Amino acid sequence: MDGGSAPLKVADRTGHRDLDPADWEQIRALGHRMMDDMIDHLRDLRHIPAWRKMPPEVRDALHLPLPLAPSEPAEIYQDIERLVTPYVTGNTHPRFMGWVHGGGNVMGMLAEMIAAGLNPNVGGRDHSAVLIERQVVSWSAEMIGMPPETSGVLVTGSSMANFIAVTVARTDFLGRDVRQTGVGAHKLTAYTSDAAHSCLPRAMDQAGLGSDALRMISIDRDHRIDLAALREAVARDRAAGCEPFMVTGTAGTVSTGAVDDLSALAAFCREQGLWFHVDAAYGAFGMLSPMLRPLLAGIEQADSVAFDFHKWGQVPYDAGIALVRDPKKHLAAFDHAADYLRREKRGLATGDLWPCDLGPDLSRGFRALKVWTTLRSYGTAALGRVAEQTCQIAAALGAAIEADPRLELLAPVGLNIVCFRVRADAAIVDALNADILADIQEAGIAVPSSTLIDGKFAIRAAIVNHRTRIEDALAMLEAVLAAAASRL
Ligand SMILES: Cc1ncc(COP(=O)(O)O)c(C=O)c1O
């Protein structure tokens, strides 16, 4: 069979049967084909649609009963090629500009295969994968400008990293007993801007504090947190018997890319005795660019920082990190003991600090390898230039929109995000722009996404992917105008 069949092994004399292939050479041939196909796929991305809607027969085919019997590997791969590959989100594509999705990279992809093959559990113990993760943590702290002893843990993404930060800040404020007793009658309050990501109220909910206890402070004209309003809110809460404990600044808001005044927030938190956290989900990689770094000034003073490698860092999904300045505080929020997780004096179970002591996960995959490989493959200067390039494309796109009377820029271009709409009568403008967005997505031309800016429907182009060129951004704009012309 075309390099791929590896029927299930027959049981040996003892009745034992493992899951390794009966014929390793057949699996090798199939694996080589998969690798070649995926490298070709990445090389040829420009020639496929940015997104394809799944036809009903594909949806149906992806609804299989629980497979009781084995299938041939080659047949499974055919299904992947036919049913999966053409219909994924498309964020590797140069004209994908939706949400804040990174483009991935081929070295990260190859590292992911090795990580899966080695399959280490990076929850803890004394092995190389734990050291690779520690290396990524210390590189991350250096990149942000935090001290070398900064603690950190790799997680799925910034939603989890922000949750870890809230939990550490809560435990630091109330003392580690809160882990046993709960918050009781304490009325803890935290603060962030109206433009902050929805994972922050969720983090408050998950940490047992309630999402209402996160005060969403108004933003200024540049979509940055209003510092006077923040000061008032903290004073008002203190007067009302609440216990303010944490402020989160955002470095790159999800809707417009605005960066809060992080130095001012750091000073305010110091003055008020509050935990200073920064959600730098995608903005953090700006620290690698001399052009963008000044915008993020103050991030290095944070008590904790959350960010993603899978956004501006272009590492394949998923990979985020929670950094905590004081390692003791980080540990105090998550360490735990169990008879079967004993640290021994010799052997594999040595080492005092295991990654499972720094977050909610016990079993953990080797996501650090694709981050380590990506950072080493390209170097931080090139990754910083990629971040810069996306901002330059966004600025050019913003200028093109402002120069065209048919279009309206709905927010200042913060970093790499452009929010705009086609002008039309108030009665139809939101619906028209929603239709235009769907038209160009469904045609596979480009994939921006949407948001609301001051209640107005906005087409939102987040230029994150390293493959996106200015021509791609302008092609998206042309497609928007063509779709508008055909509808008006
Ligand atoms: C500012 C910000 N914070 C948090 C998140 C959540 O990150 P993740 O999707 O990696 O959990 C995002 C996602 O876009 C974001 O832009």
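Remember, it's a predicted structure, so these values are computed and weren't measured experimentally. (Residues numbered from 1 in each chain as written. Predicted model: local features only at pLDDT ≥ 70, side-chain atom pairs only at ≥ 80, totals over all residues. Heavy atoms only, no water.)

## Notes on the overall build of the protein
In plain terms, the rule: Starting at the N terminus, helices and strands are each numbered in turn, a helix being any DSSP run of H or I of at least four residues and a strand any DSSP run of E of at least two. What the globule rule says is 2.2 Å times the number of residues to the power 0.38, and the radius of gyration is computed from C-alpha atoms. Only the protein chains shown count as covering a residue, and every accessible area follows the Shrake-Rupley method with a 1.4 Å probe.
If you tally the helices and strands in the protein, you get 15 helices and 12 strands. In terms of overall size, the protein behaves like a compact globule, its C-alpha atoms giving a radius of gyration of 25 Å where 488 residues would be expected to give roughly 23 Å. Each principal axis of the C-alpha distribution contributes one length, and for the protein these read about 80 × 70 × 40 Å. Accessible surface computed for the protein: about 22,800 Å², of which carbon and sulfur atoms make up 55%.

## So, the packing of helix α13 (residues 380–402) against helix α15 (residues 470–487)
Applied cut-off: Interaxial angle, 0 to 180 degrees, is taken between N-to-C directions of lines fitted to C-alpha atoms, where a helix line uses only the stretch in contact. Should the near helix be turned anticlockwise from the far one by less than a right angle, the crossing is left-handed, and should it be turned clockwise, the crossing is right-handed. Throughout, a contact is declared for two residues whenever any of their heavy atoms are within 4.5 Å. Classification convention: Asp, Glu, Lys, Arg as charged; Ala, Val, Leu, Ile, Met, Phe, Trp, Tyr, Cys, Pro as nonpolar; all other residues, Gly among them, as polar.
Closest axis-to-axis distance for the α13/α15 pair is 9 Å, and the angle between their directions is 30 degrees. The two elements α13 and α15 cross, and the hand of that crossing is right-handed. Between α13 and α15, the contacting residues are I393, A396, L397, A400 and I401 on the first element and I470, A473, L474, M476 and L477 on the second. Of the residues assigned to the contact of α13 with α15, the class counts are 10 nonpolar, no polar and no charged.

## Let's talk about the pattern of salt bridges
Inclusion rule: For salt bridges, the criterion is a side-chain nitrogen of Lys or Arg within 4 Å of an Asp or Glu carboxyl oxygen. With a 1.4 Å probe rolled over the protein chains alone, any residue whose accessible area is under 20% of its type maximum counts as buried; one over 50% counts as exposed, and the rest are partly exposed.
In total, this model carries 24 salt bridges according to the counting rule given. A salt bridge links E81 to R33; the nearest nitrogen and oxygen atoms lie 3.6 Å apart. Separated by 48 residues along the polypeptide, E81 in helix α3 (residues 73–84) and R33 in helix α1 (residues 24–43) bring together distant segments of the chain. Residue E81 is classed as partly exposed on the basis of its relative accessible area, which comes to 33%. For R43, the salt bridge identified is with D44, shortest N-O distance 2.9 Å. Put simply, D40, R43 and D44 are held in one network by salt bridges that share partners.

## Comments concerning the environment of R59
For R59, the position within the fold is in helix α2 (residues 56–61). Residue R59 is classed as partly exposed on the basis of its relative accessible area of 44%. Taking the C-alpha atoms as reference points, R59 and L83, 24 residues apart in sequence, are found 8.4 Å from one another. Ignoring any residue separated from it by four or fewer positions in sequence, one finds R59 in contact with K53 and M54.

## Topic: the site of the ligand
Heads up, the condition is: Proximity is defined per residue: if any heavy atom of the residue lies within 4 Å of a molecule or strand, that residue is considered near it. Any N or O atom pair separated by 3.5 Å or less is treated as a polar contact, with the protein-specific requirement of one donor-capable and one acceptor-capable atom, and with residues adjacent in sequence counted only for side-chain atom pairs.
Taken together, the residues surrounding the ligand are G157, S158, S159, H197, C199, G252, V254, D279, A281, D308, H310 and K311. Between the ligand and D279 there is a distance of 2.6 Å, counted from a nitrogen atom to a side-chain nitrogen or oxygen. A distance of 2.7 Å separates an oxygen atom of the ligand from a polar atom in the side chain of D308. Coverage of the ligand by the protein chains reaches 85% of its 390 Å² of free accessible surface. Looking at side-chain class alone, the shell around the ligand contains 3 nonpolar, 6 polar and 3 charged residues.

## Quick notes on the sheet that holds strand β1 (residues 96–97)
The condition is simple: We call two strands paired when DSSP finds no fewer than two bridges between them.
Sheet architecture is open: 5 strands sit in the order β1-β11-β12-β10-β9, paired in mixed fashion. The open sheet is flanked by β1 and β9 (407–409), the only strands paired with a single partner. Both strand β11 (residues 447–453) and strand β12 (residues 456–462) contribute to a ladder of 5 bridges, which runs antiparallel. Bridge assignment links L452 to a residue of β12, and that residue is F457. This element, α13, spans β9, β10 (417–422) and β12 of the sheet and lies at about 20 degrees to β10.

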